[in-house]
Amino acid sequence: YNKSAAPEGERRVYGRPAPQGQSGERSFAKPAYGKPIYNKSVTPEGERRVYGRPASQGQSGERSFGKPAYGRPAFNQGPAAQRSFGRDTYGSNAAPTQNQERFGRPSFKGTGSEGKPFDRLSQPRPAFQRPGAIRPSFNRSSATRTDFRRQGTNQGSPHSDSSLSADARKSAMLVLNRVLLESGFASLSLDEHFDKVNLSQRDKRLCTRIVYLTLENLNRLDFALDNLLEDPERVEKRVRNILRLSAAQILLLDRVPDSAAVNEAVKLVRELGLEDLTGLVNGVLRNLIRSKEEIKWPTKADGLEYYHIMHSLPMWYIQKVIDEYGAEEGEKILSYRKDDHHMTIRFNPLRINEDKFEELLSKKTWKSQKGMMPGAFYVTGVSDIAADIDFMDGLFSIQGEGSMMAAEAVQPKLGAQVLDTCAAPGGKSAYLAEMMQGTGRVQAWDIYEHRVELIKAMTERLRHYNIRPAMRDALVYREQLEGLMDCVLIDAPCTGTGVMDEKPDLRHHLDEKSLKELTEIQSRLLDTCSRYVRTGGTLVYSTCSILHQENAQQVEAFLASHSEFSMDTLPDAIPQSLREHTGEYGLQLLPYRDQVEGFYIARMKRK
C-alpha cells in the first residue's frame, strides 16, 4: 500500500505518517493488492473484530493506514454489472485461464495445453497473484471503461474523436495482440496493461475506445483490408493487428487525420523490429484511404454474410439466433448497437436513503437520472468512479439492471437463509443482503479463492456482514445442506450472448463446442443445487445469455425431471413492461427491446 520511507527514514502511508504501531510492513510476501483486508477494527473496548465477530487467534487486525478497513476497498473490486469471464492475465503473473473460470460467468474453450474448459480435476488451482485476472482493478473498473467508449454513436457512421496520441496507439496495439493472439479478454487485458504503464487518463480513454471499436468491427475491417492484400493469411499477425487498428481510425473515426494513422502505424511496425514490412503497411493503408469510398460492403440481401461482416458475429451464432427468434426479430437482435453507454449504479439502502443519495449525486460533476429498477440511477461523465470517495465508502454499487432483476426475483424474507451458488464478484449477493436489511445469511460461493476474495472485498466496502463468502464447487453435492435453504440463486456460467454489445471481444471467443459444454454444466448445477431448497422455498435460475438452449430449454428439462418444483411469478419490482414478456419457462430480456442486458430469469417454487 505505497509504504515508502521518507527522507528522514520515517515510514509513511499514502504520504502521511503511519498510525502508532503501524510500521507499514506486510505480514505476507504477496503484493498489497493481492489480498483484500478484512474489517479488523478496534472496538471501544479494545476487542479486535473481523466481520463483526472476535478475530481468530493470530489475527491482529493491524492496518497499514489509519482508516477503518471498510473505508478503502481492495484494489481489485469491480462492479457486478461487469461480468467476469475467467480469462488469463495479461503478462507474466499467470492467473486462471478462461477455461478454469466458469461458475457464474461466461467461459470459453481455450487453446493449446489449456485444453478442456470444464475438466476441474485436470486444471490446477490458480495462484492468487493478480486479482485483475478476474475483474478489472478497483481504480479501473470495467464500468469505468464503459464510459471511455464512444458516446451516442452507431456502427457504420463516422465517430468524432480527439487525436490519438502515440502512447495510446501503442497501448492499443499491445492490448489487441493480447486479446486476438493470446486469447485474452479486452477488459482484463486493458486493466493489466494500465497497471504496467504510466498513461494519462485521456490516453487510457483513447486506448480503450480504439480497442473496443476495433473489436466491435473486426470482420468489417478485415473485409476492407483483405481486398488490398495479396495473401492476407501470410501477413505477420502483429502487423495485421496494426493494420486493423489503423483501418478503424481511417474508416470509423472522423477526427483522426488519415496521414497520422498511416505514419503512426509505420512507427509501430518499426518498433516491433519489422523494418522490412513498413513499406507494406504504408502502401496498404494509403490504398485504403484512396479507395474507402468505393468499398462494396455486403448488404442484407447477402443473408448471413451481412451480419458476419458488418456486425462481426460468428456464422453459427447468426444462424442460431434466426432459427430461434425468426428472421424479423433475429435481424433486430443481431443488428442492435447500444447508443447510450451510461453506467448504472444503485445506492446502498443500509447506508443512505434515496433522497440523500440524489442530493449526493447533485453535488458531483456527473449527469444522472433515475433508472427502471428501484434505487437504480444512470450516470455519465464519470472518469474513474472507483476512486470516488462515496463509492469507496460503500454508499453505492455499480450493477446493471438485468443483474438487479435476477437478484430481485429471489425475494428473500427477513432472516432468510440464502445460497448464491456462483456469486463472484458479489453484486447479487449484496443486493440480497440489502433486501434482508442485514439479517439472515447469504452464503456466497465461488470455485476459486481469488474470486472469493473479491466477494470479501465487496462485503467490507459495503459493510454487509450477513454475507458469508466461501470457496465451494457448486457441482459437488453437500448432503448436510439438503432442504436447508429458503432461497437458492443459480447465476449460471453461460456464453454471455446477452452482453456482447458491452463486451465485443466475446464475438471472437464463441464457439458451438463451448455452448454444448456450458449447457451440461448448467444442467448439473440445477440438479445439484435445487436439492438445498426447503419445501416452499424459492429457486431462481439466471444467465446473461439470449440462447434458448441455455435458458428456457434448461428450465423446461429441469421441471420435467423434478416434479417437486413448479414455475412461480416474478415480483412486481421488475417493471410490468418487462414482465409482460415472460414466457412459460421464464423471462428473456433482449437488449434491443428492453434497453437492459440480455438476462434470462426463471423463478421456481418447491412444492
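Here, the structure is the one placed above.
No experiment lies behind these values; they were computed from the predicted model shown.

Undergrad: Mind showing me how you'd approach the sheet that holds strand β7 (residues 343–347) here?
TA: What links the strands of a sheet is backbone hydrogen bonding, and the strands pair in either a parallel or an antiparallel sense. Reading across the sheet, the 4 strands line up as β8-β9-β7-β10 and stay open at both edges, with antiparallel pairing between neighbours. The strands lining the two open edges of the sheet, one partner per strand, are β8 (367–370) and β10 (396–398). When strand polarity is set aside, the average angle formed by the axes of neighbouring strands in this sheet is 30°. Both β7 and strand β9 (residues 376–380) contribute to a ladder of 4 bridges, which runs antiparallel. Each residue of the ladder has a partner; that of Met-343, found in β9, is Val-379.

Undergrad: What am I meant to see in the pairing of strand β12 (residues 441–446) here?
TA: A regular strand carries its side chains on alternate faces of the sheet. Where strand β11 (residues 417–420) and β12 come together, 4 bridges link them in parallel fashion. Each residue of the ladder has a partner; that of Val-418, found in β12, is Val-442. The handedness of the β11 to β12 crossover, carried by helix α14 (residues 427–435), is right-handed. Pairing of β12 with strand β13 (residues 467–471), which is carried by 5 bridges, proceeds in the parallel orientation. Among the inter-strand pairings, Trp-445 is bridged to a residue of β13, identified as Ala-470. Running through helix α15 (residues 449–462), the crossover from β12 to the neighbouring parallel element β13 is right-handed.

Undergrad: Help me out: how do you make sense of the packing of helix α6 (residues 237–252) against helix α8 (residues 278–291) in this one?
TA: Packed helices, taken two at a time, are described by the angle between their axes plus the distance between the axes. Packing of α6 against α8 brings their axes to within 11 Å, and their N-to-C directions diverge by 25°. Judged by the angle between their axes, α6 and α8 are roughly parallel. Crossing of α6 over α8 shows right-handed handedness. Every residue of α8 that contacts α6 at Val-239, Leu-243, Ser-246, Ala-247, Ile-250 and Leu-251 is listed here: Val-281, Val-284, Leu-285, Leu-288 and Ile-289.

Undergrad: Teacher, can you tell me more about the packing of helix α5 (residues 218–226) against α6 here?
TA: α6 packs onto α5 with a crossing angle of 100° between their chain directions and a minimal axis gap of 9 Å. Classed by the angle they form, the pair α5 and α6 counts as roughly perpendicular. Of α6, the residues touching α5 (which contributes Leu-218, Arg-220, Leu-221, Asp-222, Ala-224, Leu-225 and Asp-226) are Arg-240, Leu-243, Arg-244, Ala-247, Ala-248, Leu-251 and Leu-252. Class assignment for the residues of the contact of α5 with α6 results in 9 nonpolar, no polar and 5 charged.

Undergrad: Would you explain helix α17 (residues 552–561) in this entry?
TA: Spacing of three or four residues puts side chains on the same side of an α-helix, whose turn is 3.6 residues. Residues of α17 that are buried include every one of Gln-554, Val-555, Phe-558 and Leu-559, and no others. The buried side chains of α17 occupy one side of the element, clustering within an arc of 125° when seen end-on. Residues Ala-560 and Ser-561 are exposed on α17 and point more than 90 degrees away from its buried face. Where α17 is buried, its residues meet α16 (512–529), β15 (533–543), β16 (565–567) and β18 (600–606).

Undergrad: Teacher, can you tell me more about α16 here?
TA: Its 18 residues give α16 an end-to-end C-alpha distance of 26 Å, which sits within 8% of 26 Å, the value for a rise of 1.5 Å per residue. Looking at α16, one finds that the buried residues are Ser-514, Leu-515, Glu-517, Leu-518, Thr-519, Ile-521, Gln-522, Leu-525, Leu-526, Thr-528 and Cys-529. Buried residues belonging to α16 abut α10 (315–335), β14 (485–491), β15, α17 and β18. Sitting at the amino-terminal end of α16 is Asp-511, which places a side-chain oxygen 3.1 Å from the backbone nitrogen of Lys-513.

Undergrad: Help me out: how do you make sense of the packing of aromatic side chains in this one?
TA: Each aromatic ring pair is specified by the distance between its two centres and by the angle formed by the two planes. One pass over the full model with this rule turns up 12 aromatic pairs. Ring centres of Tyr-306 and Tyr-307 lie 5.1 Å apart, and the angle between their planes is 75°; this geometry places the pair in the edge-to-face category. Note on accessibility: Tyr-306 and Tyr-307 belong to one class, buried. With a centroid separation of 6.2 Å and 80° between ring planes, the pair formed by Trp-366 and Phe-396 is classed as edge-to-face. Of this pair, Trp-366 sits in the loop between α11 (354–362) and β8 while Phe-396 sits in strand β10, and the two are 30 residues apart along the sequence.

Undergrad: Looking at this model, I keep getting lost on unusual backbone geometry. Mind explaining?
TA: Following Ala-424, the chain continues to Pro-425 via a peptide bond in cis, the omega torsion being 5°. By the secondary structure assignment, Pro-425 is in the loop between β11 and α14. The phi torsion at Ser-312 lies on the positive side, around 50°, for a residue other than glycine. Turning to its location among the elements, Ser-312 is positioned in the loop between α9 (304–310) and α10. Of the residues examined, Ser-312 reaches a relative accessible area of 1% and is grouped as buried.

Undergrad: Just checking my understanding: could you explain the nonpolar core for this structure?
TA: Here is a general trend for soluble globular proteins: nonpolar side chains tend to be buried in one another's company. Of all hydrophobic cores here, the largest spans 57 residues; its most connected members are Tyr-317, Val-321 and Met-405. Breaking this core down by element, the ones donating at least two residues are α9, α10, α13 (401–408), α14, β12, α15 and β14. In terms of residue count, the dominant contributor to this core is α10 (7 residues). Look past the residues within four positions of Met-405 in its chain and what remains in contact with it is Met-372, Met-373, Ile-574, Pro-575, Leu-578, Leu-589, Val-596 and Ile-601. Counting 44 residues, the second-largest nonpolar core is a separate cluster that includes Leu-164, Cys-207, Val-281 and Val-284.

Undergrad: Explanation requested: the pattern of salt bridges in the structure shown.
TA: Side chains that differ in charge, positive against negative, can pair when their charged atoms come close. Taken as a whole and assessed by the stated rule, the structure comprises 30 salt bridges. Of the charged contacts in the structure, one is a salt bridge between Arg-240 and Asp-226, with a shortest N-O distance of 2.8 Å. Here Arg-240, found in helix α6, pairs with Asp-226, found in helix α5; they are 14 residues apart in sequence, far enough to count as distant. With relative accessibility at 29%, the residue Asp-226 sits in the partly exposed group.

Cut-offs and rules
Residues numbered from 1 in each chain as written. Predicted model: local features only at pLDDT ≥ 70, side-chain atom pairs only at ≥ 80, totals over all residues. Heavy atoms only, no water. Pairing = 2+ DSSP bridges. Helix = DSSP H or I, 4+ residues; strand = E, 2+ residues; numbered from the N terminus. Axes fitted to C-alpha atoms, helices over the stretch in contact; angles between N-to-C directions. Right-handed = clockwise from strand over helix to strand, strands pointing away. Parallel < 35°, antiparallel > 145°, perpendicular 65-115°, else oblique. Left-handed = near helix turned anticlockwise from the far one by under 90°. Contact = heavy atoms within 4.5 Å. Nonpolar A, V, L, I, M, F, W, Y, C, P; charged D, E, K, R; others polar. Buried < 20%, exposed > 50% of the residue type's maximum accessible area, 1.4 Å probe, protein only. Arc of directions from axis to C-beta. Expected span 1.5 Å × (residues − 1). Polar contact = N/O pair within 3.5 Å; in protein donor to acceptor, adjacent residues only side chain to side chain. Phe/Tyr/Trp six-rings, centres within 6.5 Å; stacked < 30°, edge-to-face > 60°. Core = buried A, V, L, I, M, F, W, Y, C linked by side-chain atoms within 4.5 Å. Salt bridge = Lys/Arg side-chain N within 4 Å of Asp/Glu carboxyl O.

All we've got here are geometric facts, nothing functional implied.
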